[in-house]
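Below, each chain spelled out in residue letters.
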Amino acid sequence: MSEPATQAPQTQRYRIGYALPPKKLQNFLGTSLVDYAKHHGIDLIPINPNKPLTQQGPFHCIIHKLQPQDWAQLNLDHYSSKHPYGPIIDPPHLIERLRNRSSMLEAVTHLQTSFRNCTVSVPKQVIVDTNLANAIEQLSSTLRFPVIAKPLLVDGTARSHELRLVFDREGLETLHAPVVLQEFVNHGGVVFKVYVAGEHVTCVKRRSLPDITDEKAKTLKGTVPFSQISSLTVEDGDGVNDIDRVETPPEGLVTDLGRALREAMGLNLFNVDVIRDAKDYDRYLIIDVNYFPGYSKLPCYELFITDFLLDCVRNKAAE
Ligand SMILES: O=P(O)(O)O[C@@H]1[C@@H](OP(=O)(O)O)[C@H](OP(=O)(O)O)[C@H](O)[C@H](OP(=O)(O)O)[C@H]1OP(=O)(O)O
Ligand SMILES: Nc1ncnc2c1ncn2[C@@H]1O[C@H](COP(=O)(O)OP(=O)(O)O)[C@@H](O)[C@H]1O
Ligand SMILES: [Mg+2]
Ligand SMILES: [Mg+2]
């Protein structure tokens, strides 16, 4: 990661307003970030969500992760019209697209497909809005089992992360719409999380679902929630889940992908979950996009975020 743009304590100070839910405040806004930012000229200032923004600030820019109804309360439209240079990172109507697992992957499907000799796409998926029962026949012939059933809406609730593996037609019958049915792709039990903050991009590895062999898949019936997935794990004794041995995607690929997605989605603060096809090492698939994810899980996230905020205010100052 590059060194922060500014090393010494700053005389010029920048005010960054933040509007974040309690869980995000706790995870993201630790004293390590507040102190590091302060040392580099940035004062992080809470926004009161119950008061119009016009009565708060001024801010050099604003970061946020709020529910749409909270924006109405802040009278955001009025604030935007008074600040034509758009100091709000990022526009709520673009963030809105990530609250639906169908529209979230749209930008990816319109993206260039080749990056540094690798292909990037999304797994085959079908959206079922209503009437799941009527669609079962067609789904069973269109999709290859196992599939992952994901709630369509991602609204910040625990329920939107309640996913299930589905092994057969009978399993499909137990699901509820609206739901996304996505083909499960064997990927060696590791997911790559690509974090983006403006021009800054970095990637970390995380443990994921284990591969399911064709033989194993034939023995599995119905559906299983992820919390019970460990009971399906086939360990080969040689540490199939040994995450340290898994090669991270090439740095150039990660950077190019992060920047292309930023442009395609018009957003600055997000991450994507990427898996690599176990059968084809040059084939990557994007399975999830998250707005304002858990940056604090990154090593040196204070620097990653502060550099981004400095980019924001300096670009603004130049306008
Ligand atoms: O809280 P964290 O640090 O686990 O961050 C969550 C993210 O974890 P990640 O950085 O991808 O590992 C998490 O990512 P995943 O969907 O788990 O891949 C979500 O972005 C989650 O937000 P929401 O519940 O969808 O609104 C994020 O939760 P919020 O903190 O935004 O509620
Ligand atoms: N199509 C897929 N093939 C294989 N594993 C997947 C697939 N989709 C999701 N997963 C696994 O399930 C996890 C959660 O799915 P994800 O779509 O990221 O939902 P969430 O928004 O709840 O994080 C992923 O991190 C990955 O481990
Ligand atoms: Mg995810
Ligand atoms: Mg997600």
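Chains are numbered independently. Their residues run from 1 in the order of the written sequence. Lettering of chains starts at A and numbering of ligands starts at 1, both following the order in which they are written. Side-chain atom pairs in this predicted model are given and counted only at pLDDT of 80 or more, local residue features only at pLDDT of at least 70, and totals for whole chains, interfaces and linings cover all residues. Hydrogens are left out, water is left out, and the side-chain values use all remaining heavy atoms of the structure.

A. Main features of empty space enclosed by the protein. Points on a 1 Å grid over protein atoms alone make up a cavity when a 1.4 Å probe fits among them but cannot get out, and a pocket when they form an open set with protein on both sides within 12 Å along at least five of seven lines; lining residues each have an atom within 4 Å of a point. Grid points are joined across faces, edges and corners, and a volume is the space filled by probe spheres set on the points. For the structure on display, the rule yields two cavities of 30 Å³ or more. For the largest cavity, the calculated volume is near 50 Å³. Lining the largest cavity we find Val 120, Val 194, Pro 249, Leu 253, Val 254, Leu 257, Val 274 and Tyr 284. Helix and strand assignments follow DSSP, with helices taken as H or I runs no shorter than four residues and strands as E runs no shorter than two, numbered in order from the N terminus. A per-element tally of the lining of the largest cavity places helix H10 (residues 251–265) first, with three residues.

B. Structural detail: the coordination of the magnesium ion (ligand 4). The coordination sphere of the magnesium ion (ligand 4) contains the protein donors Asp 288 (OD), Asp 288 (OD) and Asn 290 (OD1), at a distance range of 2.1 to 2.8 Å. Shown as donors are all N, O and S atoms within 2.8 Å of a metal ion, widened to 3.2 Å for Na, K and Ca; because water is not in the atom set, sites may appear incomplete. Here the magnesium ion (ligand 4) and the magnesium ion (ligand 3) are spaced 3.6 Å apart, and both take Asp 288 as a donor. Residue exposure (1.4 Å probe, protein chains only): buried if accessible area is under 20% of the type maximum, exposed if over 50%, otherwise partly exposed. You can call Asp 288 buried: its relative accessible area is 11%.

C. Structural view of the environment of Gly 294. Structurally, Gly 294 is set in the loop between strand S15 (283–291) and helix H11 (301–318). Two residues qualify as a contact provided that any one of their heavy atoms is within 4.5 Å of a heavy atom in the partner residue. Those residues in contact with Gly 294 that lie beyond four places of it in its chain are Lys 24 and Tyr 195.

D. Main features of the site of ligand 1. We call a residue near a given molecule or strand whenever any one of its heavy atoms falls within 4 Å of it. Close contacts around ligand 1 come from 18 residues, with Lys 65, Lys 193, Asn 290, Gly 294 and Lys 297 the closest. Here Lys 23 contributes a side-chain N or O atom positioned 3.0 Å from an oxygen atom of ligand 1. Breaking the shell around ligand 1 down by element, the ones donating at least two residues are helix H1 (22–28), strand S11 (190–197), strand S14 (269–276) and S15. Looking at which element gives the most residues to the shell around ligand 1, the answer is H1, with three residues. Residues are sorted three ways: Asp, Glu, Lys and Arg are charged, Ala, Val, Leu, Ile, Met, Phe, Trp, Tyr, Cys and Pro are nonpolar, and all the rest, Gly among them, are polar. The class makeup of the residues in the shell around ligand 1 is four nonpolar, six polar and eight charged. As used in this structure description, the phrase polar contact means that two N or O atoms lie within 3.5 Å; if the pair is within protein, one of them must be able to donate a hydrogen and the other to accept it, and residues adjacent in sequence are counted only when both atoms belong to side chains.

E. The arrangement of the sheet that holds strand S9 (residues 164–166) in detail. Strand order in the open sheet made by the five strands is S7-S10-S8-S9-S13, with antiparallel pairing throughout. This sheet does not close on itself; its edge strands, each paired only once, are strand S7 (125–128) and strand S13 (223–225). Each neighbouring strand pair of the sheet contributes to a mean axis angle of 25°, computed without reference to strand direction. Examined bridge by bridge, strand S8 (residues 147–151) and S9 share three bridges and lie antiparallel to one another. Looking at S9, one finds that Ala 149 is bridged to Arg 164. Following DSSP output, two strands are said to pair if at least two bridges run between them. Between N-to-C directions, angles cover 0 to 180 degrees, with each direction set by a line fitted to C-alpha atoms, over the stretch in contact for helices.

F. Fine view of the site of ligand 2. Residues in contact with ligand 2 amount to 18 residues; listed here are only the nearest, Lys 150, His 161, Gln 182, Ser 208 and Asp 273. Within the side chain of Arg 101, one N or O atom sits 3.1 Å away from an oxygen atom of ligand 2. Interatomic distance of 3.0 Å between a backbone N/O atom of Glu 183 and a nitrogen atom of ligand 2. What sets the accessible areas is the Shrake-Rupley method with a 1.4 Å probe; for residues, cover comes only from the shown protein chains. For ligand 2, the accessible surface in isolation is 540 Å², of which the surrounding protein chains cover 89%. For the shell around ligand 2, the elements supplying multiple residues, two or more each, are S8, strand S10 (179–183), S14 and S15. Considered class by class, the residues forming the shell around ligand 2 number nine nonpolar, four polar and five charged.

G. Layout of the packing of aromatic side chains. Under the pairing criterion, centres of Phe, Tyr and Trp rings, with the six-membered ring standing for Trp, must be within 6.5 Å; the plane angle then separates stacked pairs below 30 degrees from edge-to-face pairs above 60, leaving the rest tilted. Overall, the coordinates contain seven aromatic pairs when judged by the stated rule. Between the aromatic rings of Phe 28 and Phe 292, the centroid separation amounts to 5.0 Å while the plane-to-plane angle is 85°, which identifies the pairing as edge-to-face. Of this pair, Phe 28 sits in helix H1 while Phe 292 sits in the loop between S15 and H11, placing them 264 residues apart in sequence. For the residue pair Phe 28 and Phe 292, the accessibility class agrees, reading buried in each case. Their ring planes at 80° and their centres at 6.3 Å tell us that Tyr 291 and Phe 292 sit as a pair that is edge-to-face. Taking relative accessible area as the criterion, Tyr 291 reaches 7% and is therefore assigned buried. Given a relative accessible area of 1%, Phe 292 falls into the buried group. Taken together through their ring pairs, the aromatic side chains of Phe 28, Tyr 195, Tyr 291, Phe 292, Tyr 295, Tyr 301 and Phe 304 make up a single cluster. Directly above the aromatic system of Tyr 281 lies the positively charged group of Arg 276, at a separation of 4.5 Å from the ring centroid. Only when the NZ atom of a Lys or the CZ atom of an Arg is both within 6 Å of the ring centre and within 35 degrees of the ring normal do we say a charge sits over the ring.

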